[in-house]
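Observations on the three-dimensional arrangement
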Amino acid sequence: RGQIYTILKNPIYVGLIAHKGETFEGQHEAIIDQETWDRVQARLKSNSPGKRLATRRNTSPLAGLLFTSDGVPLVPVHTTKVRKRYRYYVSQSTLPGRSPGDKATRIPAPELEKFVLQELRNALSNPSELIEALGLEALAQWARQKDNVDKAHSLNGPHIAKLVDRIVVQPDHLMITMSQVGLSSWFNLHPADPQGAPIELRVDCTLARSGHPLRFVDRS
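This text gives an overview of the structure that appears in the document. Here the residue numbers are simple positions, counted from 1 along each chain's written sequence. With pLDDT at 70 or above as the cut-off, local features in this predicted model cover only qualifying residues; side-chain atom pairs require 80 or more to be listed or tallied, and sums for whole chains, interfaces and linings still use all residues. To get the side-chain values, all heavy atoms of the structure are used, and hydrogens and water are removed first.

**As for the sheet that holds strand β5 (residues 84-91)**
If DSSP finds at least two bridges between two strands, the strands pair. Runs of H or I in DSSP of at least four residues are treated as helices and runs of E of at least two as strands, each being numbered from the N terminus. Judged by pairing direction, the sheet is antiparallel, and its three strands sit side by side in the order β4-β5-β6 without closing on themselves. Edge positions in the sheet fall to β4 (74-81) and β6 (106-108), since each of these pairs with one other strand and no more. The mean angle between the axes of side-by-side strands here comes to 35 degrees, regardless of whether they run parallel or antiparallel. Relative to β5, β4 is paired through eight bridges, and the arrangement is antiparallel. Pairing of Lys-81 across the sheet is with Lys-84, part of β5. Here, two residues are considered to be in contact whenever any of their heavy atoms come within 4.5 Å of each other. Axis definition: a line fit to C-alpha positions, over the contact stretch in the case of helices; interaxial angles, taken between N-to-C directions, run 0 to 180 degrees. Contacts from helix α4 (residues 109-125) reach β5 and β6 within the one sheet, and its direction differs from that of β5 by about 70 degrees.

This is the structure we're talking about:
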């Protein structure tokens, strides 16, 4: 992909020469008209990595947050069968180019997203322990205003990336590392120290295999 982008951004096709970040008139004729060139550049800009990640997070809210116990990322993928779209989070060991002997993990995305969302809602519904982890000052702030910050029911997919730094999938539990800054913002508290100790939320569950994918069974 990187090589293709480099080719498509080369101004030589419109009669220009690139040198040290600037473009100059070349001595050759353009082989692409300016209108086509401008449309291509606009298309490339609209498909930048940041926007691709935002799009993935809109459809896969746990994208970039999931890891196996071995530190291998779980990435969103999908397949379509009989016009029905199936989404999964899979370990990169299952993707092309990985060793066949690598341990593979594949979890149905909607089920995992629903599971994480519900656990976060539960934690935010009675968040005294989470708030206390931010420090006594934050706990005192929250105690004064908690009647006004009961927003757990409104938590949805796009909020997850703001509240969570990382989710590690273990065979018998999920370890959800919460963002201090995200939690402070959620509860309208003074900004927390981003360098402070991580706030971890352990969710006991069991990874049960059903066919090829793994599924979660809540043990709490």
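After presenting the structure, the write-up continues.
**Some remarks on the pattern of salt bridges**
The term salt bridge refers to a pairing of a side-chain nitrogen on Lys or Arg with a carboxyl oxygen on Asp or Glu at a separation within 4 Å. Counted according to the given criterion, the structure contains three salt bridges. Residues Arg-87 and Glu-113 are paired through a salt bridge, measuring 2.8 Å at the closest nitrogen-oxygen approach. Of this pair, Arg-87 sits in strand β5 while Glu-113 sits in helix α4, and the two are 26 residues apart along the sequence. Of the charged contacts, one joins Asp-204 and Arg-202 as a salt bridge, the two residues approaching to 2.8 Å between their closest N and O atoms. For every residue, the accessible area (1.4 Å probe, protein chains only) is compared with the maximum for its type, and the residue is labelled buried under 20%, exposed over 50%, or partly exposed between those bounds. Look at Arg-202 and you get partly exposed, because its relative accessible area is 45%.

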